[in-house]
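Residues per chain are reported as follows:
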Amino acid sequence: MKIKLNSHLNLTKYKQMKTKLNGILTLLLALVVQFTFAQNKTVSGVVSDQDGLPLPGATVLVKGSNTGATTDFDGNYSITAKQGDVLVFSFVGYNNLEIRIGASDQVNATLSQDAQALEEVVVSALGITRSKKAIGYSQQTVQGDVLVQAKDVDLNTALSGKVSGVQMVGAPSSTFDAGLLRLRGETGVLYVVDGIKVYSQSDINTDNIGNISVLKGAAATALFGVDARNGVVVITSKSAKNGQAALTVDHTTTMTSVSLLPDYQNEYGGGYYQEWDTFSFNPATDPADWAAFDGQKIPYYAADESWGPRLDGTLVRHWDSWIPGSPTFGELRPWSANPNNIRDFYNKAINNNTSVSWAKGGEDYKVSATLRNLDQELIMPGASRKQIDMNVNASFDFSEKLNVYTSLNYQVRNTKNEPAQGYGGIGSNFNQWWQRQLDIDRLKDLYFFEGNYYSWNIRSPRNSRPLYWDAPHFGPDNNNTNQEKDVLFGNFGANYKFNDKFKANLEVRRRYNGYFSNSRIAFGGLDVPRYSESRSRYEQNEIFGFLSYTDRFLNDALDLDVKVGYQMQQNKETSTSASTVGGLSVPNFYSIATSVDRPSYSNSFVNSKVQSNFASVSIGYNSMFYLDGSYRLDWGSTANVNDNRLDTYGFSGSFIFNSLLNVDVISFAKVRAGVAQAPIFPGAYQTTSVYNVGSPYGSNASFSVPNTQSNPNLLGGTRNETEIGLEMKFLKNRVGLDFTYFDRKDSQLPVAIPVTAETGYTGLSINSGQTSSNGIELAISGTPVQSDNWTWDMSVNFGTLEKRVDNIYPGIEKNVLGGNLSWYSLQLQEIPGEEWGTFVGRKRKTDANGNYILNSDGSYVVETNQKLGNILPDFTGGFSSTLRYKNAYLNLGLDFQKGGLFYSTTNMFSSYSGLHASTAGLNDAGKPLRDPVDDGGGVHVVGVDANGASVDTYVEAQEYFGGLFGIHDAWLYDASYIKLRQLRVGYTLPQQLIANTPFKTVDVSVIGNNLFLLYSKVDGLDPSEIEGQGSLTSPYRAVEGGQLPPARSIGVNVKINF
Amino acid sequence: MITMKKNIKFFGIVALSLGLLGSCETVDFGNENVNPNQPSAASTQALLTNALRSMPAKVSEVEGNMWVQYIAQVTYTEESRYATTQRSYDGWYAGALKDLQEIIDLNTANPEAYTGSGSTNNQLAVAKILKAYYFKHLTDSWGMIPFSEALKGVENITPAFDTQEDVYMASFDLIDEALASIETAGALKGDILFSGDMNKWKKFANTLKMVMALRISDIAPATAQAKFKEAMSGALASSADNMHYPYLTEDTNDNPWQDRFETREDYALSDVFVDHLLAHNDPRVASYAELPAAGGNYVGVPYGVANPNVLQANISFIADEVIYDGTTAGGMIFSYAQVAFSMAEAAERGWITDDVATWYYKGIDASMAQWGVSSADATAYKAGAEVVFNSAKAMEQIATQKWVALYLQGAEAWAEWRRLDFPVLSPAPDAESGTGIPVRYGYSANVAALNEANYNAAVAAQGADTQDTKLWWDVK
């Protein structure tokens, strides 16, 4: 602080005759008094983190002096300083913040977490927190608040694009299906919450997540055991900090609507030919007053394609004009387009998400709890889901030595009318088999009239029974499905410290999922009525314990940590299901008891056990060298009774070398490497041979030999993985780089491989040869702008994967992963020596120059059993950005993929049926495509014949598109995309506004989810959300059979801390 | 000092005990991995029931009926235009054939254990007969197929293909062994077809042998004649012996035709067949078909055109008796009509001395009786110009009558039409593959992928894997 001497010096000179000393003393006194009176004041305020939670024990310093203060439990501080002084705010793990004192006495500070802190703490196996720099394997952390910035209820969607090498395989956003995580090419990722392995990510309350650590390679997951080989998402629930007492209320309301539909044609209506049929009155069978209808134009109601007459306004008898007694009976109305009929079918769905969480912590205890209520709808009418989550997390230190803790989590969820995906569902109805002119509002109003159901697809004016399709609202309104889910998972544990060096831990864990569901096909529709019910329970109980020894040697330069432990895990699954056969005998009453024929019934019990011992050693030298080793023994009940043990090990090390480099720009540099194995046990009951019980014939039972041959010698298999990586930070941690290369080999995997059926089996349970994969993962993060008012953080991540089958089994040259993915045997195969995941099917023949070889009538020559391309993408990744200006912020996340293939049944049939825009319009001669070739219409086809002579002709449009049915190369598409998935624009209210309210911080934001498909190579479909036809758990979605449209949601979130 | 020792001791004990635990090679989990959901003890009668439940897939199939143009597709006509070129037999091998092989293996290895399902000889005999029956169906459709190396599971994961000749000869051996060992007084449980009546199994086996013999009459006439004569006395003797699959009315065991028409109307009679019936004043038309809903005479759908463009109300569908009931029609296995026409053919070839015309007319009468036509109408028909027996065109007439009589027995009708080459049928006008009416099925994509080497060998030996490659017994 500068004392302004100059003016006072003049005074001194003026008073030079008087005693100099007196004068100086008086002067100094005057100075001091004047100074304090003029500038010192009490400055106070609140120090909080970016969530708005107060930071107790933060330090506030007056810069350049020794004056300081610390914040209390509520983050309040009070300090003496002058206007113009700079206050420095700091707290461990957060970036320092400097604020100059202005005229106001109130100075609040919001500290941002130092996400790139050297001392970043990571939760790894065994619940241990390690310092990130000590870790020798690939791992990435996402903070809880960053994760759910768009208030995504589904954990996998929230993670998409945030961790390199991890991609979300989307499920259509118009269903409740959660996406899958694909990590280094595999699904089956394990989710662990507070040490408890949960069944699926839908059991997890995303509003209760403290932070997430994604462990990718075998070295990281070695200590988690048999379920962890495909990667682990380690989640720590929110917990209180010492001295914290906080209550948070968080509410979000969003509206979801359809965001993308295929391009439909609107020129021609329903039918198989363009000429009009007319009604012919039959006096023998028709009512007399129908005589007036003779000669009226009628569409081909029974047709579910749109190759019919032009939509030119001709007056015709639409389907509803035949409903006896209805207001529109007998009406002639124009035959005209309804371009938005599909769009108008879908709702605008409202979703509400409210959660309350509180946390309190003290010296020897901490408790936190979250309660969340979800109310969800879909764009599909009639679908809804209600869910309540309750989570409690507590820890008590009973004494200096004994600490006990618990995490208890409960969820109850009720889902109604989840829409069916795939071929035959509503998506299929609208996009593949439909009449383009249908008025969706009339269908909604008139499909149920005076106790009867009607459809647009009636067989004839005299026969109102539908031929292929009920009215679209029939299913959502009447075919009710219901699912109730109960989830409980939790743990109880204790840590006991014998002394400074020895510690023991014992924990019991349990997870439980229970489902009850029923569904029906209702009376009154096309299909035979049916009712089915099922109940299932899944539980896993686990005991886990370890002893650890920690010590330091060589003058504290060498850290040693040794652990030995034991784990026992028991799994139980039971399920029963029953369904009626042959119809229901009591109208409008749905029960198994009223089945017309004997109901079908099945039940199953699956039990398995795994027992394990493990040991781990961690060594750190001089905070520069770290070495981890682990060894694990697992015994599994599902393997060969005489050989059911698997030994696996893991090693990883890291070396921090920036201090050796001594380059200013490089603030941190670490190289790491690891080698590890993971055990793989077979599925249950593969080692014993049994018979399948089939449907009986009368009272005769029916057995069959199962299609997969069992193998009593089945062993467990192993995954071997090597990983090397480099982490660097530059410019005082403003730029960061994390690079990993991994190489993995799976050998002796216990799988069921397809075998040629002439053997009497279609599959064999064997220990399969070897599959290898490798790839790189790269994450780059940076803070391009960092100043008092502005901060801009961004990160990009990127991952590649190459996967090959080296050999399968002696004598087997190919493995068919999916045998009949679509009509005419589209297959996905793995072929040794080639890249994994080759599509094989029918392909149009071409000559050496790429010209199509055509028959004389212009149709394509097709060859079977051809290779059509590979399903694996070239690379995947994501980008996220956080921009802050004072109290406002903008966060966005996008993810992308290049390459990959998928097959579209929707495009195939929408062309076949004349629904797609490409089947109408003008051809290259300027004539309507659908006009007869003789009149200049048709599709122009150019190619060569078998001898190389040119073929140049026009083909009737309906034959051309119909002829492409089942020709697989025409309907395989590149799955590349760039998607803007999340956007959040928010504002934290300034303290002045809420000073007199009970609120500590208030945050308001606008959020958007699944917003825009910025780039894709397919029109009308979203390649980031392919439904799985057949196996929804397959890591690569090969085919969409009748996809429901993507939906985007936009809404508002308010978050208040008390 | 003391504390240090205590620590080391403690740690040492722990490590030692864990080391001991760690030295276990296996842990005994008891019955944890015993499957409680499925039986591990076999029941051969239940296996037989399951194998018999595969018969509908042959006797009530759709495809053969389209190739010989009894029926046509009404709206989606791809199948009738030969769009599918690869068909799978996986369900046969992994289903019925494996079950039959299991019966044979279990009864051979450990007969005492399965006497509860009937006499050992009877079980083996019936399993062999059915094995021959199903393998004949497969080879008649695809040609070369694995037989001697098949059904061995992991012991032979890539079975080689046998020639059709070998399959036929081996099947004859199976039938002969079976016939020799049937115990008419013995029991047989799980027999949903004949309820344990071994005399009927003898008739079944002999009729099967007779049909097979006739099939190879062009390529191996000596063997054919010998086998035919052995079998003919034991085959069906009258219409009372007609063998129809015993469909129930309950949904899981009903006629597949009934399921096909539950909500859809995909098939109707083809114009080729209806025109033939009407042109010959065939009274069976009333039993085979329904009048169009909108009135008028019987009308067939144009066969094999891309867009027939007909309204359902204006065409003749398959008889209600088949598509809404199916317990007495639409599932015929062997009819006396077929036997009678076979005898007529044998007489025409000079294998037996019987009068051709007698058997010819017996066949027509049997078919009329089968379909409920009065004998007066039958007599009128037999006097018709084209129908009355003309020894100059004997084979053509027998073949044509057989074609009409085998209505809805698609698999048999297709095989016989390929062999006899009458009536003359034109391929579908808008065919999507091949050069004519299919004369075999192409192998499935699975076979080409999973049994590649043997598949290639079979294609090299038999001919291109298309539907135009003629089979061994299809000489003309």
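Note that the coordinates shown come from a computational prediction; the quantities given were computed from them, not determined experimentally.

*Asks:* So what's going on with the overall build of chain B? Which residues, and what values?
*Replies:* Scanning chain B from N- to C-terminus turns up 20 helices and 4 strands. Dimensions of chain B along its principal axes, counting C-alpha atoms only, are 120 × 55 × 45 Å. Evaluated residue by residue, chain B yields a buried proportion of 59% over its 476 residues. Restricting the contact set of chain B to residue pairs at least 6 apart, pairs at least 24 apart contribute 76%. For chain B, the exposed area adds up to about 17200 Å²; of that, 53% sits on carbon and sulfur atoms. Computed over 33 positive and 58 negative side-chain charges, the inter-centroid distance for chain B is 6 Å.

*Asks:* Talk me through the interface of chain A and chain B; I want residue IDs and the actual numbers.
*Replies:* Listed per partner, the contact involves 93 residues of chain A and 86 residues of chain B. Buried surface at the junction of chain A and chain B, summed over both partners, amounts to about 7600 Å²; 56% is from carbon and sulfur atoms. For chain A, the biggest contributors to the area lost against chain B are Tyr691(A), Tyr697(A) and Glu758(A); these three give 12% of the whole. Inspection of the region where chain A meets chain B yields 3 salt bridges. Glu32(B) is the salt-bridge partner of Lys609(A), the closest N and O atoms lying 4.0 Å from each other. For the pair chain A and chain B, the interface holds 36 residue pairs in polar contact (both at pLDDT 80 or more). For the side of chain A that touches chain B, the elements supplying multiple residues, two or more each, are β32 (530-553), β33 (558-584), β34 (595-621), β35 (625-636), β38 (692-693), β39 (703-704), β47 (827-830) and β49 (862-870) of chain A. Here the side of chain A that touches chain B gets 10 residues from one element, more than from any other, and that element is β34(A). Considered class by class, the residues forming the side of chain A that touches chain B number 42 nonpolar, 38 polar and 13 charged.

*Asks:* Could you give me a rundown of a nonpolar patch on the surface, with the residues and numbers involved?
*Replies:* Residues and elements named next belong to chain A. Nonpolar side chains collect at one region of the surface, where Leu247, Val356, Trp358, Leu371, Ile388, Met390, Tyr410, Val412, Leu488 and Phe1058 lie side by side and expose about 780 Å² of accessible area between them. Those elements that provide at least two residues to the nonpolar patch are β22 (349-361), β24 (384-397) and β25 (402-416). Along the chain, Phe1058 falls in the segment after β59 (1047-1057). Overall, the relative accessible area of 32% leaves Phe1058 in the partly exposed class.

*Asks:* Which residues make up empty space enclosed by the protein, and what values go with them?
*Replies:* With a probe scaled to a water molecule rolled over the atoms, the places where space remains empty come into view. Residue and element names in this part refer to chain A. Applying the stated rule across the entire model yields 15 cavities of 30 Å³ or more. Along the walls of the largest cavity sit 19 residues, with Arg182, Gln897, Pro1023, Ile1026 and Arg1037 positioned nearest its centre. Only β11 (166-169) and β52 (901-904) provide two or more residues apiece to the lining of the largest cavity. With 3 residues, β11 is the largest single contributor of residues to the lining of the largest cavity. Reported here for the second largest cavity is a volume of approximately 140 Å³. In terms of lining, the second largest cavity is formed by 15 residues, of which the most central are Gly165, Gly185, Thr800, Leu801 and Thr876.

*Asks:* Go over the packing of aromatic side chains with me, naming the residues and quoting the values.
*Replies:* All names here are of chain A. In total, this model carries 91 aromatic pairs over all chains according to the counting rule given. Ring centres of Phe279 and Phe293 lie 6.5 Å apart, and the angle between their planes is 70°; on these two criteria the pair is classed as edge-to-face. In this pair, Phe279 is assigned in the loop between β18 (277-278) and β19 (297-298) and Phe293 in the loop between β18 and β19, connecting sequence segments 14 residues apart. The pair formed by Phe279 and Phe293 is uniform in burial state, with each residue classed as buried.

*Asks:* For the pairing of strand β56 (residues 977-988) of chain A, give the residues involved together with the corresponding values.
*Replies:* All names here are of chain A. As paired strands, strand β51 (residues 888-899) and β56 are joined by 10 bridges and run antiparallel to one another. Residue pairing across strands places Asn891 opposite Arg984, the latter belonging to β56. Direction of pairing for β56 relative to strand β57 (residues 1001-1016): antiparallel, over a ladder of 11 bridges. If you follow Ile978 over to β57, its bridge partner there is Tyr1015.

*Asks:* Outline the sheet that holds β52(A), supporting the account with residue identities and numerical values.
*Replies:* Residue and element names in this part refer to chain A. In spatial order, the strands read β55-β52-β58; together these 3 strands make up an open sheet with mixed pairing. Each edge of the sheet is formed by a strand with only one pairing partner; in this case those strands are β55 (972-974) and β58 (1039-1040). Relative to β55, β52 is paired through 3 bridges, and the arrangement is antiparallel. Bridge pairing links Tyr903 to Leu972 in β55.

*Asks:* Could you give an account of helix α8 (residues 198-215) of chain B, with specific residues and numbers?
*Replies:* Since the α-helix packs 3.6 residues into each turn, any two residues three or four apart lie on the same face. All names here are of chain B. Its 18 residues give α8 an end-to-end C-alpha distance of 26 Å, which sits within 8% of 26 Å, the value for a rise of 1.5 Å per residue. Counting buried positions along α8 gives 14 out of 18 residues, so the element sits mostly inside the fold. Measuring from the side-chain oxygen of the N-cap residue of α8 to the backbone nitrogen of Asn199 gives 3.0 Å; that N-cap residue is Asp197.

*Asks:* Explain the confidence of the model for chain B to me, and be specific about the residues and the numbers.
*Replies:* Per-residue confidence for chain B gives a mean pLDDT of 91; residues scoring 70 or more make up 95%. Across the interfaces of the predicted complex, the ipTM metric reaches 0.87, alongside a pTM of 0.83.

*Asks:* Describe the sheet that holds strand β3 (residues 68-70) of chain A, and please don't skip the residues or the numbers.
*Replies:* Hydrogen bonds along the backbone pair up the strands of a sheet, which may run parallel or antiparallel. All names here are of chain A. Reading across the sheet, the 4 strands line up as β3-β2-β5-β6 and stay open at both edges, with antiparallel pairing between neighbours. A strand with exactly one partner marks an edge of an open sheet, and here the two such strands are β3 and β6 (97-100). Neighbour to neighbour, the strand axes of the sheet diverge by 20° on average, direction disregarded. Pairing of strand β2 (residues 59-62) with β3 involves 3 bridges; the strand directions are antiparallel. If you follow Leu61 over to β3, its bridge partner there is Gly68.

*Asks:* Report on the pattern of salt bridges, specifying residues and quantitative values.
*Replies:* Taken as a whole, this structure holds 71 salt bridges over all chains when the rule is applied. Across the salt bridge formed by Glu723(A) and Arg184(A), the nearest N and O atoms sit 3.1 Å from each other. Residue Glu723(A) is located in strand β41 (residues 717-730), and its partner Arg184(A) is located in the loop between β12 (180-183) and β13 (190-193); the two are separated by 539 residues in the primary sequence. An identical accessibility class is assigned to Glu723(A) and Arg184(A); each is buried. Here Lys470(B) ties to Asp474(B) by a salt bridge, and the two come within 3.8 Å at their closest N and O atoms. What you see here is one network of salt bridges that share partners, running through Lys58(B), Lys136(B), Asp140(B), Arg215(B), Asp218(B), Glu345(B), Arg349(B), Lys402(B), Glu412(B), Glu416(B) and Arg419(B).

*Asks:* Tell me about the packing of helix α6 (residues 120-142) of chain B against α8(B), and please be specific about residues and values.
*Replies:* All names here are of chain B. Two elements in contact, α6 and α8, have axes whose closest approach is 11 Å; the angle formed by their N-to-C orientations is 30°. With respect to α8, the element α6 is oriented roughly parallel. Crossing geometry of α6 relative to α8 is assigned as left-handed. Contacts between α6 and α8 involve Asn122, Val126, Ile129, Leu130, Ala132, Tyr133, Lys136 and Asp140 on the former and, on the latter, Met198, Trp201, Phe204, Ala205, Leu208, Val211, Met212 and Arg215. Here the contact of α6 with α8 is built from residues that sort into 12 nonpolar, 1 polar and 3 charged.

The rules behind each value
- Residues numbered from 1 in each chain as written.
- Chains lettered and ligands numbered in written order.
- Predicted model: local features only at pLDDT ≥ 70, side-chain atom pairs only at ≥ 80, totals over all residues.
- Heavy atoms only, no water.
- Helix = DSSP H or I, 4+ residues; strand = E, 2+ residues; numbered from the N terminus.
- Buried < 20%, exposed > 50% of the residue type's maximum accessible area, 1.4 Å probe, protein only.
- Contact = heavy atoms within 4.5 Å.
- Areas by Shrake-Rupley, 256 points an atom, 1.4 Å probe, with all protein chains shown as cover.
- Lys, Arg positive; Asp, Glu negative; His and termini not counted.
- Charge placed at Lys NZ, Arg CZ, Asp CG, Glu CD.
- Buried area = accessible area lost by both parts, 1.4 Å probe.
- Salt bridge = Lys/Arg side-chain N within 4 Å of Asp/Glu carboxyl O.
- Polar contact = N/O pair within 3.5 Å; in protein donor to acceptor, adjacent residues only side chain to side chain.
- Nonpolar A, V, L, I, M, F, W, Y, C, P; charged D, E, K, R; others polar.
- Patch = residues over 30% accessible without salt bridge, like charges linked within 9 Å, V, L, I, M, F, W, Y side chains within 5 Å.
- 1 Å grid on protein atoms, 1.4 Å probe; cavity = no way out; pocket = protein on both sides within 12 Å on 5 of 7 lines; lining within 4 Å.
- Points joined across faces, edges and corners; volume = space filled by probe spheres on them.
- Phe/Tyr/Trp six-rings, centres within 6.5 Å; stacked < 30°, edge-to-face > 60°.
- Pairing = 2+ DSSP bridges.
- Expected span 1.5 Å × (residues − 1).
- pLDDT = per-residue confidence, 0-100.
- Axes fitted to C-alpha atoms, helices over the stretch in contact; angles between N-to-C directions.
- Parallel < 35°, antiparallel > 145°, perpendicular 65-115°, else oblique.
- Left-handed = near helix turned anticlockwise from the far one by under 90°.

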